[in-house]
Every structure is written in C-alpha cells, then in structure tokens.
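# Descriptive structure summary
Spelled out from the first residue to the last, the chains are:
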Amino acid sequence: MRTALALLLLLLSESAAPTRAWAHRLSVEGAFVGTGFFPTGSGEDYAYAGIGASGTASYEIERWSFGIRTQGTISNKTPFAVQAGEYNLSGDLSRRQYSLGILVRYFLLDENKQKRWYFELSFNGKETDFVGSDKVFVHPESTDYTRLFLRGGGFGIGIGYRPKKGPWFFQVNYELDHYENLIVVGDVKYLNYIFAEPALNNNYFINTVFVTIGIDVFGRESNN
Amino acid sequence: MHVAAPIIRAFILPWVFAFAAQTCAADEEINATKESGRTRYVEVIPRSHELSESARYVGMLYILSLGTYLVISPKEVFNNATLQNYARNFGNMTLFDQDLPSANWGMHIATGALAYQFYRARSYTKTDAFFLTLIQESLFQFTIETLIQPTALENVANTTIVGCIVGRGMEVASLPLLNSDFFLFRGVGYVLNLPAAFGLWESKVTVNPIIEKNKAGFALQVRF
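Residues numbered from 1 in each chain as written. Chains lettered and ligands numbered in written order. Predicted model: local features only at pLDDT ≥ 70, side-chain atom pairs only at ≥ 80, totals over all residues. Heavy atoms only, no water.

The next subject is the overall build of chain B. Of regular secondary structure, chain B possesses ten helices and three strands. For chain B, the N- to C-terminal ordering of α and β elements is α-α-β-α-α-α-α-α-α-α-α-β-β. Across the 224 residues that make up chain B, the buried fraction comes to 50%. Considering only intrachain contacts with a sequence separation of at least 6, the fraction spanning at least 24 residues in chain B is 76%. When the accessible area of chain B is evaluated, it comes to approximately 9900 Å², of which 67% is carbon and sulfur surface. (Helix = DSSP H or I, 4+ residues; strand = E, 2+ residues; numbered from the N terminus. Buried < 20%, exposed > 50% of the residue type's maximum accessible area, 1.4 Å probe, protein only. Contact = heavy atoms within 4.5 Å. Areas by Shrake-Rupley, 256 points an atom, 1.4 Å probe, with all protein chains shown as cover.)

On to the overall build of chain A, then. Scanning chain A for helices and strands turns up two helices and nine strands. Sequence-ordered secondary structure for chain A, helices as α and strands as β, is α-β-β-β-β-β-α-β-β-β-β. Surface accessibility of chain A: about 10700 Å² in total, with carbon and sulfur atoms responsible for 63%.

Now for the pattern of salt bridges. All names here are of chain A. By the definition in use, this model includes 19 salt bridges over all chains. Taking the shortest distance from any N to any O, the salt bridge between Glu120 and Arg105 comes out at 2.8 Å. Residue Glu120 is located in strand β5 (residues 115–130), and its partner Arg105 is located in strand β4 (residues 87–109); the two are separated by 15 residues in the primary sequence. Through salt bridges with shared partners, one network takes in Arg25, Glu60, Lys115, Arg162 and Asp216. (Salt bridge = Lys/Arg side-chain N within 4 Å of Asp/Glu carboxyl O.)

Attention shifts here to unusual backbone geometry. For Glu62(A), which is not glycine, the phi torsion reads 55° and is therefore positive. In this structure, Ser123(B) is a non-glycine residue whose phi angle is positive, near 70°. According to the relative accessible area criterion, Ser123(B) is buried, its value standing at 0%.

If you look at the biggest cluster of nonpolar residues, it comprises 37 residues, and the most contacted ones within it are Leu26(A), Val28(A), Phe218(A), Tyr119(B), Phe130(B) and Trp201(B). Secondary-structure elements contributing two or more residues to this core are β1 (24–39), β2 (48–61) and β4 of chain A together with α3 (51–72), α6 (101–121), α7 (126–144) and α8 (153–178) of chain B. (Core = buried A, V, L, I, M, F, W, Y, C linked by side-chain atoms within 4.5 Å.)

Right, let's get into the side chain of Glu175(A). Among the secondary structure elements, Glu175(A) is positioned in strand β7 (residues 168–186). Reaching out from Glu175(A), the side chain makes a polar contact with the side chain of Lys126(A) at a distance of 2.7 Å. (Polar contact = N/O pair within 3.5 Å; in protein donor to acceptor, adjacent residues only side chain to side chain.)

This paragraph deals with the environment of Trp105(B). Considering the arrangement of structural elements, one finds Trp105(B) in helix α6. Contacts of Trp105(B), omitting those with residues within four sequence positions, involve Ala53(A), Thr70(A), Gln71(A), Gly72(A), Tyr98(A), Glu154(B), Asn158(B) and Val162(B).

All names here are of chain A. Most of β5 is tucked away: twelve of the 16 residues are buried. Sheet topology places β5 next to strand β6 (residues 146–161); 14 bridges connect them, and they run antiparallel. Across the sheet, residue Tyr118 finds its bridge partner in β6, namely Gly160. (Pairing = 2+ DSSP bridges.)

Bringing the packing of α7(B) against α8(B) into the picture now. Residue and element names in this part refer to chain B. Two numbers describe how α7 lies on α8: the axes approach to 9 Å, and their chain directions differ by 150°. What the angle tells us is that α7 and α8 run roughly antiparallel. Crossing angle aside, the handedness with which α7 passes α8 is right-handed. Contact with α7, carried on its side by Lys126, Phe130, Thr133, Leu134, Glu137, Ser138, Gln141 and Phe142, involves Leu153, Asn155, Val156, Thr159, Thr160, Ile161, Cys164 and Arg168 of α8 and no other residues of that element. Classifying every residue of the contact of α7 with α8 by side-chain character gives seven nonpolar, six polar and three charged. (Axes fitted to C-alpha atoms, helices over the stretch in contact; angles between N-to-C directions. Parallel < 35°, antiparallel > 145°, perpendicular 65-115°, else oblique. Left-handed = near helix turned anticlockwise from the far one by under 90°. Nonpolar A, V, L, I, M, F, W, Y, C, P; charged D, E, K, R; others polar.)

Turning to the packing of aromatic side chains, a few remarks are in order. In total, this model carries 19 aromatic pairs over all chains according to the counting rule given. Ring centres of Phe218(A) and Phe130(B) lie 6.4 Å apart, and the angle between their planes is 90°; this geometry places the pair in the edge-to-face category. You can see Phe218(A) sitting in the segment after β9 (205–216) and its partner Phe130(B) sitting in helix α7, one on each of two chains. For the pair Phe218(A) and Phe130(B), one class covers both residues: buried. Each ring, one from Phe118(B) and one from Tyr119(B), has its centre 5.2 Å from the other, and the planes form 70°; the classification is edge-to-face. With relative accessibility at 0%, the residue Phe118(B) sits in the buried group. Judged by relative accessible area, Tyr119(B) falls into the buried class, the value being 0%. An aromatic cluster is present here, built from Phe218(A), Tyr116(B), Phe130(B) and Phe131(B) joined pairwise through their rings. Above the face of the Tyr48(A) ring, Arg95(A) is positioned so that its terminal group lies 4.1 Å from the ring centre. Positioned over the ring face of Phe107(A) is Lys115(A), at 5.1 Å from the centre of the ring. (Phe/Tyr/Trp six-rings, centres within 6.5 Å; stacked < 30°, edge-to-face > 60°. Lys NZ or Arg CZ within 6 Å of the ring centre and 35° of its normal.)

Okay, the confidence of the model for chain A next. Low pLDDT marks regions whose predicted coordinates should not be analysed in detail. All names here are of chain A. Looking at chain A as a whole, the pLDDT averages 78, with 69% of positions reaching at least 70. Ignoring residues within four places in sequence, the model shows residues 14–22, a span with pLDDT below 50, making 16 contacts including any to other chains. Contacts of residues 188–199 to residues separated by more than four positions or lying in other chains number 43 contacts, the stretch itself having pLDDT below 50. (pLDDT = per-residue confidence, 0-100.)

Attention now moves to the environment of Asn173(A). Residue and element names in this part refer to chain A. Within the secondary structure, Asn173 is located in strand β7. Judged by relative accessible area, which is 4%, Asn173 ranks as buried. Separated by 52 residues in the primary sequence, Asn173 and Leu121 place their C-alpha atoms 9.1 Å from one another. In contact with Asn173, other than residues within four places in its own chain, are Arg69, Glu120, Ile157, Gly158, Thr208, Val209 and Phe210.

Residue and element names in this part refer to chain B. One way to put it is that α8 packs onto helix α9 (residues 183–192) with a least axis distance of 8 Å and a crossing angle of 155°. In terms of orientation, α8 and α9 fall into the roughly antiparallel class. α9 is crossed by α8, and the crossing has left-handed handedness. Only Phe185, Arg186, Val188, Gly189, Tyr190 and Leu192 of α9 make contact with α8, whose side of the interface consists of Met170, Ala173, Ser174, Leu177 and Leu178. Among the residues forming the contact of α8 with α9, the class breakdown is eight nonpolar, two polar and one charged.

Here it is as structure tokens:
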C-alpha cells in the first residue's frame, strides 16, 4: 500500500512538471466496441453479437504501455443453456457483459519514429448479467427479483492502429474466456447470494472478437 | 448498498461539495459579472498547487461523502459498520458486484465525471485530475463502502477511468456553450459543467473593450 501511494505521488509530481516527454505519460482512452461471440463448449451453442463501451487508462513508457481497462457490452437476445451442479437453467435472454482487465501493449515505430501499430496482451475478469432472467427463471428461494450471473475470465490478444492525424485509434481483439461460476442473486435491493456453484459444467469456453473504435481522450502530445 | 445510494451520491454530493469548495476558494474567484467586460471561459490553464491545497480538497470531499453516506444509509451504517465487518469485507474484495447497471455504469460514472470536473475547475492538469479522482474514489470505496459491503474494483475503474472520459467530454462540449450569446446554450453549458455553474472555474478571460478617441480595441485579462 505504501509503495502504491509512493508511486501515485511520483506520478502526480511528474505530471505537474511544465514539460513532459511524449513517450512517458498517462493515456486515457474511451472507445465504442462491437463484439461478436463465437461460443464453444457444452453450455452454449449460439453465436451472438453486441455493442458496448470501454475505457482504458495506461501508462506509456517508451514503446511499452501498461494499463487497466473496464468494458461493458450488451448483446442481442439468444437462447442459452447452462448446467451447474444440480441446476439446469435455460432461457432466451440478452446479456450484459462486464470486463475488467490489465493489459500490456508494445508499439512499433513507423519511418518517422511515431507509434502507429501496436500489439496487445490482456488478462480479463468477466461477468455476464442475463437481462430479464427473473422472467424466464425464478429460483424458488429468491424473494422478489432474481438475477443470473456467469463469472469467469481469460486472456486476449489484439492489434491496434493509430492514424497519423487525429486522436483516433482502431483495434481488433480476440479473447478466450472460461466461465467458472454461476451466481443467482435474489432481492436485488440487498443482493443476497443464494448459491454459487464453483463447477459450471466441465468445459465452458467462449471465444469473442472485439472491434474497437476509440479516441485518445487526454491527447497524444500533452496531458495538460 | 442501497439502490438509491449511488443516485444520491451522483446528484447531491457534487452539489454539496461544489458549494463547500466555492466557500473555501471564495477569495480566489473573480467577479464573473464585471460591468466593464465580458467573462469568457477558456480551456483550463494548469497552475501549480501546494500539497496542502490538494489535501484540503481531497479531505473536504471525503468528509462530505462520509456525511452523505451516513445520511442516506443510516441503517446499514449503524447496524453493519463494525471493525469485524470491515475486515471481512476488505478480505472479500471482488472484481464485480451485482449492483444494477444504472449504478455501476451510471451513477459511478456521473460521480467520477463530476469529481474530475471539480479538479479541472481548480486548474489541475488532466493527469492530476485523473489521479485525484482515483484517490477520492479509492478513499471512499476502501473506507466508507467497505464498512457495509465488499468493494468491487469495477466501481473504482468505472468511476475513475470512464468518469474522467465522460467528464472530459462534457468539459470540452461545455466551453463553447458557456461562451454562447444565447442564454439557453449557456444554460446547457452550465449543466454540462456544474463546477462552472458554481463559479469554481478558474480559467476565465475577461474581455474589456477599449474605445477612445482615434483608438478602438480590447484588453484581455486572465486570472487564476
């Protein structure tokens, strides 16, 4: 904790300096993402698509960038079937998916030594919130409202491009996630857990492709 | 956490701290209704801050958020806020909570945007405003909210990263509106930039017309 505080203070003091090296700075990006899911495994047999938004804060040091990304997407309504222990759940629902991940990027330099193309590796935690799950699946122990979640995580690889002009960037990511927990929450007001199954089938993988159009919110030349 | 808590945090707390901050900084404010000229809002011109000034802002907002939380969630605080609960909740820190999307992707972002705008209004750089928003949110999550329930890192990321992105967007959009001649546009500008509505925006330019015999022009006056 003390180290983290010291790091924060260091970054703050650096950012207060009147001049700042372009290659050594905080970068904050906002992005719209389009997603395509290509599920495999025994629990999911349908492909679906969605849209969403993400925000990334990263610290660039020379050709490397280390960051944190939060992402939320919502996808169209499709059937699902999940077996978790003794529970066999199925329905026709759209879903919100939340992701929180850490990432590292490596930039390639063009002929003008500008950072244009980059590769990305990320590790993500994921949570899927099925929309309207109370309408198709009512757990007998729930009180007045039931929500259904899948939780898991995985890794992603991506390639991105920053055009020469403007703050925009474009990126394509592939992610592989393994969902491990099924959580049913009743009475949304107080969010009581009803049960959590650690063994969600034996093999519940989801492949996802993300197409991202983003903007470097803090600008690339300066953070002022 | 009570469902209404993030809503109240988003809409009540920023107004309260805006009033308080205005009081603290009243001696630094310029008169926005100068008879001789018209005040125009300009992009933040960062200035250096003493550590004591930053600490004063962070401490003030923290105390206000604590007070607000006590007011809106008295039962949860007085029934559950024990050191044992705090230790247990701190140990059960999670990536995601199951709060409604309106909280995690609505109110948290709104509070983050307002905190970011507040610090920008006090002439911090974008980077400094980002880290101060992070410190503010971390203080709230890991002390106040952890008393009641385990903290979700998703909340910290959404408030800080996406909040700053949204706050910056609103800031950029508000400046031309605030300088508009049409009162409705100015009204929208103040809605998008609440700190400006409370006179907290330091980077203003006063335009004083000069009309004398054989001479016409204007003088710009910038105050921080």
